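Analysis of the macromolecular model
What follows is each chain in one-letter form.
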Amino acid sequence: VEGNVHKSKKEKAGELSNIKKKKVVTQRCHLCSRQTEDIISHLSFYHSNSKQMKDRNQNKCEKCESVFENMIKCLKHKELLHNFKCQSCTLSFTQKKELENHERTTHARAGTSTSSTDKLAGYTFSYTCSDCHLLMDNRDIYDSHVAKIHKFLCTQHECSRKFISEQNLDSHLKNDHRIKFMQIDTHQVKMMPEGKSKLYQQLINTAENWVKSKEAVRQMRRVMTGESNSWRHKAFFDKKERENVSGASVSKLHRLSNSSFFEEHESKEKLIIAHIQENVFETGLANADQYSIDRKLIALCKGQQAVKDRSFLYTSLVLIPETFIHYYETRNGMSREQAENQFLEFHIPKEDMNLHQSFNTTSTSFYSDDSG
């Protein structure tokens with residue numbers, strides 16, 4: 001009997017050991033945080049009539065947004081593969097017909113398809129570029145379009161669109177921001193009814209620090225030596241270009257100096273011009289040999305009074321435009337032409353737009369060597 005009892009204990013110990021060796025897999029209930037071996041039975045027994053289960057969002061599949069009457073059906077659905085992916089959004093479906101129904105009701109619009117791949121039950125799908133907001137009906141054209149670099153950024157406030165070409169950007173500025181473009185010689189002037197661009201605002205916030213920087217001073221001295229090949233520097237030696245400032249005969253040099261560049265920042269304008277006059281123009285002339293200043297500029301500024309007379313004029317007509325064009329080139333990665341056009345922004349209120357059409361007058365010839 002004792003042997004049988006001892007054996008019986010051994011058998012019991014073995015059974016207990018086998019039970020311990022078995023790995024028990026449990027799941028955590030997202031409603032009550034309990035661990036359970038059978039989540040479906042647990043949900044059915046403990047939560048099938050709860051208020052939470054009546055909430056549609058509790059029984060919704062995130063992949064296809066299907067909604068089920070209870071959690072059990074929802075969980076079973078989620079176990080299925082969602083292999084049919086929508087090309088226009090992030091949803092995916094378990095069956096092809098579900099995808100087609102989604103595309104027809106969510107992304108399609110009535111019309112005639114331009115491609116067999118975009119055709120479904122008499123509907124045409126539309127595809128929108130997230131950068132420039134261009135709407136396209138053909139998937140192949142859309143794929144080709146979005147693969148291209150959109151490097152031309154809209155500079156207007158609260159607008160983040162980007163475009164493939166400068167022509168597309170200009171069209172956007174004209175149609176969506178009501179900006180008018182006027183051509184003066186080879187330069188494009190922007191007349192802006194909504195105020196100047198966000199690039200201008202960035203510049204004006206750092207303008208004083210910029211003109212004091214070594215990079216800006218070095219470039220302005222290159223202008224004064226003639227090394228930078230500035231057309232403004234060359235035009236300054238033409239008396240008509242330098243002095244014709246009123247009426248219909250206003251010179252190209254004056255028109256493209258953008259005298260309203262600083263707008264309401266009058267105090268900042270005075271400080272910047274005074275700094276450039278003293279630390280760049282006058283210092284440059286005082287050390288003409290050291291800085292290799294253009295001999296024609298030296299000849300035009302002979303005598304203390306001549307230096308005083310020419311200082312403000314040369315600074316406002318030549319150095320101010322050149323330094324801020326250079327700013328756009330170096331800080332915003334623009335070409336010389338793009339930076340020049342960016343500098344030529346004019347804020348003109350909507351009601352005054354038509355009054356400024358006469359601004360686009362024929363430019364006069366310059367580059368003559370009249371230094372009178």
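Refer to the structure above for everything that follows.
To keep things clear, this report deals only with the structure shown in the data block.

How each quantity is defined
- Residues numbered from 1 in each chain as written.
- Predicted model: local features only at pLDDT ≥ 70, side-chain atom pairs only at ≥ 80, totals over all residues.
- Heavy atoms only, no water.
- Helix = DSSP H or I, 4+ residues; strand = E, 2+ residues; numbered from the N terminus.
- Contact = heavy atoms within 4.5 Å.
- Areas by Shrake-Rupley, 256 points an atom, 1.4 Å probe, with all protein chains shown as cover.
- Salt bridge = Lys/Arg side-chain N within 4 Å of Asp/Glu carboxyl O.
- Core = buried A, V, L, I, M, F, W, Y, C linked by side-chain atoms within 4.5 Å.
- Buried < 20%, exposed > 50% of the residue type's maximum accessible area, 1.4 Å probe, protein only.
- Axes fitted to C-alpha atoms, helices over the stretch in contact; angles between N-to-C directions.
- Parallel < 35°, antiparallel > 145°, perpendicular 65-115°, else oblique.
- Left-handed = near helix turned anticlockwise from the far one by under 90°.
- Nonpolar A, V, L, I, M, F, W, Y, C, P; charged D, E, K, R; others polar.
- Phe/Tyr/Trp six-rings, centres within 6.5 Å; stacked < 30°, edge-to-face > 60°.
- Polar contact = N/O pair within 3.5 Å; in protein donor to acceptor, adjacent residues only side chain to side chain.
- Expected span 1.5 Å × (residues − 1).
- Arc of directions from axis to C-beta.
- Disulfide = S-S within 2.5 Å.

A separate point is the overall build of the protein. Looking only at helices and strands, one finds 16 helices and 14 strands in the protein. By sequence separation, contacts in the protein at least 24 residues apart represent 51% of the contacts at least 6 residues apart. Accessible surface for the protein amounts to roughly 22300 Å². Of this, 48% is attributable to carbon and sulfur atoms.

We now examine the pattern of salt bridges. Within the structure shown, the criterion is met by 11 salt bridges. The residue Glu62 makes a salt bridge to Lys78 at a minimum N-O spacing of 3.4 Å. Pair noted here: Glu62 is in the loop between α2 (39-47) and α3 (71-78) and Lys78 is in helix α3, with a separation of 16 residues, a long-range link. Of the charged contacts, one joins Arg161 and Asp176 as a salt bridge, the two residues approaching to 3.5 Å between their closest N and O atoms. Of the two residues, Arg161 sits in the loop between β10 (152-153) and β11 (162-163) while Asp176 sits in helix α6 (residues 166-177), which places them 15 residues apart along the sequence. Several salt bridges converge on common partners, so that one network encompasses Arg232, Glu322, Arg336 and Glu340.

Let's shift gears to the nonpolar core. Formed by 48 residues in total, the largest nonpolar core has its most connected members in Phe281, Leu297, Tyr314, Leu319, Phe324 and Tyr328. Mapped by element, the contributors of at least two residues to this core are α7 (198-212), α8 (214-225), α9 (231-235), α12 (266-286), α14 (295-300), α15 (304-332) and α16 (336-343). Examining the composition of this core, we find that 10 residues originate from one element, α15, more than from any other. Those residues in contact with Phe324, other than ones at most four positions away along the chain, are Leu203, Ala207, Trp210, Val211, Phe261, Phe262, Ile272 and Phe343. Grouped together as the second largest cluster of nonpolar side chains are 13 residues, Phe163, Leu169, Ile179 and Phe181 included.

Moving on to the packing of α8 against α12. At their nearest, the axes of α8 and α12 sit 10 Å apart, and the two run at 45° to each other. With respect to their mutual orientation, α8 and α12 come out oblique. With respect to the hand of their crossing, α8 and α12 are arranged in right-handed fashion. Across from Val217, Met220, Arg221 and Met224 in α8, the residues of α12 making contact are Ile276, Asn279, Val280, Phe281 and Thr283. A breakdown of the residues in the contact of α8 with α12 according to their chemical character gives six nonpolar, two polar and one charged.

Below, the discussion takes up the packing of aromatic side chains. Aromatic ring pairs are described here by two measures, namely the spacing of the ring centres and the angle between the planes. Enumeration over the complete set of coordinates arrives at 10 aromatic pairs. Ring geometry for Tyr200 versus Phe261: centroids 5.4 Å apart, planes at 85°, classification edge-to-face. Taken together, the residues span a long stretch of sequence, with Tyr200 in helix α7 and Phe261 in the loop between α11 (252-255) and α12 at a distance of 61 residues. A residue is classified by how much of its surface remains accessible, and Tyr200, at 2% relative accessible area, is buried. A relative accessible area of 2% means that Phe261 is categorised as buried. With a centroid separation of 5.3 Å and 90° between ring planes, the pair formed by Phe261 and Phe262 is classed as edge-to-face.

Time to look at the environment of His233. Turning to its location among the elements, His233 is positioned in helix α9. It is 9.3 Å that separates the C-alpha atoms of His233 and Glu322, two residues lying 89 residues apart in sequence. Those residues in contact with His233, other than ones at most four positions away along the chain, are Val223, Met224, Gly226, Asp294, Leu297, Tyr314 and Val318. For His233, the side chain forms a polar contact with the main-chain oxygen of Val223, separated by 3.4 Å. A polar contact is formed between the side chain of His233 and the side chain of Asp294, at a distance of 2.8 Å.

Given a rise of 1.5 Å per residue, 12 residues ought to cover 16 Å, and the 15 Å separating the end C-alpha atoms of α6 matches this to within 8%. Restricting attention to buried positions, one finds in α6 the residues Leu169, Asp170, His172, Leu173 and His177. Axial view of α6: buried residues confined to an arc of 160°, hence all on one face. Immediately beyond the C-terminal end of α6, within one or two residues, lies Arg178, with a positive phi of roughly 60°.

A few words now on the environment of Glu158. Its place among the elements puts Glu158 in the loop between β10 and β11. Once the C-alpha coordinates of Glu158 and Ser197 are considered, the two residues, 39 residues apart in sequence, prove to be 10.0 Å apart.

Here Ser311 is to be found in helix α15. Accessibility expressed as a relative area gives 0% for Ser311, which makes it buried. When sequence neighbours within four positions are dropped, the list of residues in contact with Ser311 reads Gln277, Phe281 and Glu282.

Enumeration over the complete set of coordinates arrives at zero disulfides. Cys159 supplies the cysteine sulfur nearest to Cys154, a cysteine that is in no disulfide, at a spacing of 3.5 Å.

Bringing unusual backbone geometry into the picture now. Most peptide bonds are trans, and most residues other than glycine sit at a negative phi. A positive phi angle, close to 70°, is found at His133, a residue other than glycine. As for its position among the elements, His133 is in the loop between β8 (127-128) and β9 (135-136). Among the residues examined, His133 registers a relative accessible area of 43% and is labelled partly exposed. With phi around 50°, Asn258 is a residue other than glycine that occupies positive phi space. As for its placement among the helices and strands, Asn258 is situated in the loop between α11 and α12.

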